Amino acid sequence: MKSTNTTQWFPPSQLAFYFDQGAWSRGTTLYLQDQVLSSQLSPDGDGWRLQGQVQGNDAQPYSVNAELRVSAGGNLSEWRSGCTCPVGRYCKHGAALGILASMQGLALQKEWGPEGPTPEVLERRSQMEKERALSHAEYQVRDWLNRLENANGPAAFTLPGSTHDQFVYSLSVVQTAYKPVFHLAVKRAAQKRSGEWGKAKKLSSEPSAHDPIWQTSCPLDRDIFDLLKACPAASSFSSYGFQGEVKLHGMPGQLLLQLCSQTGRLVSDEGIPLRWQDAPETLVGTWREIKSEDHQPDGWQLSMQPQRPGVVFGLNQPPFFMDTAQGLCGPLDTQGLSANELQVLTNSPVLPESVAFKFQNQLLERLGPVPLPPVIQKMPEIRGVKPRAVLDIAPVHPAERVVQGLFVGELTFDYDGQRGFWSGTQNRVLIGQGSQARLLLRDLPSERKAWDALAALGLETFDANRLVLPP
Ligand SMILES: [Zn+2]
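Residues numbered from 1 in each chain as written. Predicted model: local features only at pLDDT ≥ 70, side-chain atom pairs only at ≥ 80, totals over all residues.

**What about the overall build of the chain?**
Within the chain, the regular secondary structure consists of twelve helices and 23 strands. Split into buried and exposed, the 471 residues of the chain put 29% on the buried side. Contacts spanning at least 24 positions in sequence make up 57% of the contacts within the chain whose residues lie at least 6 apart. (Helix = DSSP H or I, 4+ residues; strand = E, 2+ residues; numbered from the N terminus. Buried ≥ 20, exposed ≤ 12 C-beta atoms within 10 Å, placed from the backbone. Contact = placed C-beta atoms within 7 Å.)

**Quick notes on the confidence of the model for the chain**
Looking at the chain, the pLDDT average stands at 83 and 89% of residues meet or exceed 70. Throughout residues 1-5 the model reports pLDDT below 50, and contacts reaching past four residues in sequence, or to other chains, amount to 14 contacts. In this model, residues 153-162 is a region of pLDDT below 50 whose contacts with residues beyond four sequence positions or in other chains number 19 contacts. (pLDDT = per-residue confidence, 0-100.)

**Here we look at helix 5 (residues 219-228)**
Summarising burial for helix 5: seven of the ten residues are buried, a large majority. Turning to helix 5, its buried residues number three or more, namely L220, D221, D223, I224, D226, L227 and L228.

**Quick look at the sheet that holds strand 3 (residues 62-70)**
If you trace the four strands from one edge of the open sheet to the other, you get 1-2-3-4, paired in antiparallel fashion. The sheet is open, and its two edges are formed by strand 1 (36-44) and strand 4 (76-83), each paired on a single side. When the angles between neighbouring strand axes are averaged without regard to direction, this sheet yields 20°. Pairing between strand 3 and strand 4: seven bridges, direction antiparallel. Directly across from A66, in strand 4, lies its bridge partner S81. (Pairing = 2+ DSSP bridges. Axes fitted to C-alpha atoms, helices over the stretch in contact; angles between N-to-C directions.)

**Some remarks on the nonpolar core**
Formed by 70 residues in total, the largest nonpolar core has its most connected members in A96, L97, L184, L256 and F320. Both domain 1 (5-149) and domain 2 (165-276) contribute no fewer than three residues apiece to this core. If we ignore the near neighbours within four places in the chain, the residues touching L184 are Y169, L171, E245, V246, L248, L256, L257 and C260. (Core = buried A, V, L, I, M, F, W, Y, C linked by C-beta atoms within 7 Å. Domains from an automatic or database assignment.)

**Examining the sheet that holds strand 21 (residues 438-441)**
Taken in spatial order, the three strands line up as 16-21-20 in an open sheet, and their pairing is mixed. Bordering the open sheet on either side are strand 16 (381-382) and strand 20 (428-431), each of which pairs with just one other strand. Relative to strand 21, strand 20 is paired through four bridges, and the arrangement is antiparallel. Residue pairing across strands places I431 opposite R438, the latter belonging to strand 21.

**What to know about the pairing of strand 5 (residues 165-175)**
Successive side chains on a regular strand alternate, one facing one side of the sheet and the next facing the other. Alignment of strand 5 against strand 6 (residues 180-190), held across eleven bridges, turns out to be antiparallel. Counted as the bridge partner of V168 is K187 from strand 6. Between strand 5 and strand 6, which pair antiparallel and follow one another directly, the connecting turn spans four residues. Taken together, the three bridges between strand 5 and strand 9 (residues 266-268) define a ladder with parallel strand orientation. Counterpart to L171 in the pairing with strand 9 is S268.

**Structural notes on helix 6 (residues 250-263)**
Structural remark: α-helix, 3.6 residues per turn; residues separated by three or four positions point the same way. When the terminal C-alpha atoms of helix 6 are compared, their 21 Å separation across 14 residues agrees well with the 20 Å that a helix rising 1.5 Å per residue should span. In terms of residue burial, helix 6 counts as a mostly covered element, since eleven of its 14 residues are buried. Positive phi shows up at G264, right after helix 6, with a value of about 75°. (Expected span 1.5 Å × (residues − 1).)

**What about the packing of helix 5 against helix 6?**
Two elements in contact, helix 5 and helix 6, have axes separated by 10 Å at closest approach and are oriented at 155°. One way to sum up the angle between helix 5 and helix 6 is to call them roughly antiparallel. Read as a crossing pair, helix 5 and helix 6 show a hand that is left-handed. Residues L220, D221, D223, I224, L227 and L228 of helix 5 pack against P252, L255, L256, L259, C260, Q262 and T263 of helix 6. (Parallel < 35°, antiparallel > 145°, perpendicular 65-115°, else oblique. Left-handed = near helix turned anticlockwise from the far one by under 90°.)

**Description of unusual backbone geometry**
Going from Q317 to P318, the amide bond is cis rather than trans, its omega being 0°. Structurally, P318 can be placed in the loop between strand 13 (311-314) and strand 14 (320-323). The phi dihedral of A464 falls on the positive side, at around 50°, and the residue is not glycine. On the secondary structure map, A464 appears in the loop between strand 22 (460-463) and strand 23 (466-468).

**Concerning the pairing of strand 13**
Bridging between strand 13 and strand 14 involves four bridges; their strand directions are antiparallel. Its bridge partner lying in strand 14, F313 is registered against F321. Linkage of strand 13 to strand 14, two consecutive antiparallel strands, is achieved through a turn of five residues.

The structure is reproduced here in structure tokens:
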């Protein structure tokens, strides 16, 4: 298979800068799926004009117009794109056409005459398109066969038999000072006949264009090398130039993991083949009982764990999981919690019972989707009670009556004799203190109805739950 190494015009990662994450990732997919139907490059002053047709969601392909500048050193210094799709500027179709130009632009540029492309260039270009389509079909088939072989659980997969080194992408979870984080490393290894990988060697520099490893690589590997540059280096020693190991971060990090999975050469650091799974793995909070030691009180400690054993997670941005038992990796469902919140939650202190009670309101407010400590969970509940809206009224000072009207009313809700007012839409609240404490499940629709009825009478909110009837 041919490497695209020699024809690359500028690194596609430099183009990513001009697009938002969604447009860039969907544009990459359009490019990889060969949805760029045509492309034309012509000189325009100091720069270039790029035009092309890209197949989108409509039956008719969209027309993209772009202007770009590329330095003699092969760096993209300027990019502007517009399109006939509803998004228009800097859309995914522009991104797809730009990636094609970055991969093939130099070859087109070299042979461009003043009258446009010669028949030979057109012929070569169509040949190139055919080769690209063919190689793309090859990955799809290979990926499909891999998935078919692994459909009934993990099994050793086989690539066309070869003892040459291939690129292998190794995913590992690294314990940093405060949290676990996934790193991805490029290695080289030869595959045995059994499908297992031989000892993998780390790459300290990018293999030269003459290295035989490129013969066993595919254009996806090239894209992966480009995306590696968009991720933070794993160690400060490689912050410039080639990065053989990176921290997975942001959209490039996620795309990187997906592309590595598509090569069929993504493995755990123990060499277990991994495949990307779109369905997220859920992280749940559980409280463990901690028995006292050396005068420490008994208590409860929170641990955040995936639901299935053997699954490990990394609090990257976004967070991921790895399941070496089933040979999977993918996104982690954090139930809306940010990586920083998870980091704090996974480092909970031991909560003695009395302390948990003392902070019960703060725990209710801040734990969000995480279950409460069992001592609070066991608290008697008030649920299924229809609240009675109570409006206590007091006269308004004569001097204020011109503005506020005759009275000011204070709205509270009576749940079976327990009266109170709670701002916001949190549906679990604590009422009472100590042994009298109860967990109230509010009936928000009923509360809302009372508010609406008062508003319909012309009452206006004056301050939290205080209402007035202006003259
Ligand atoms: Zn578009």
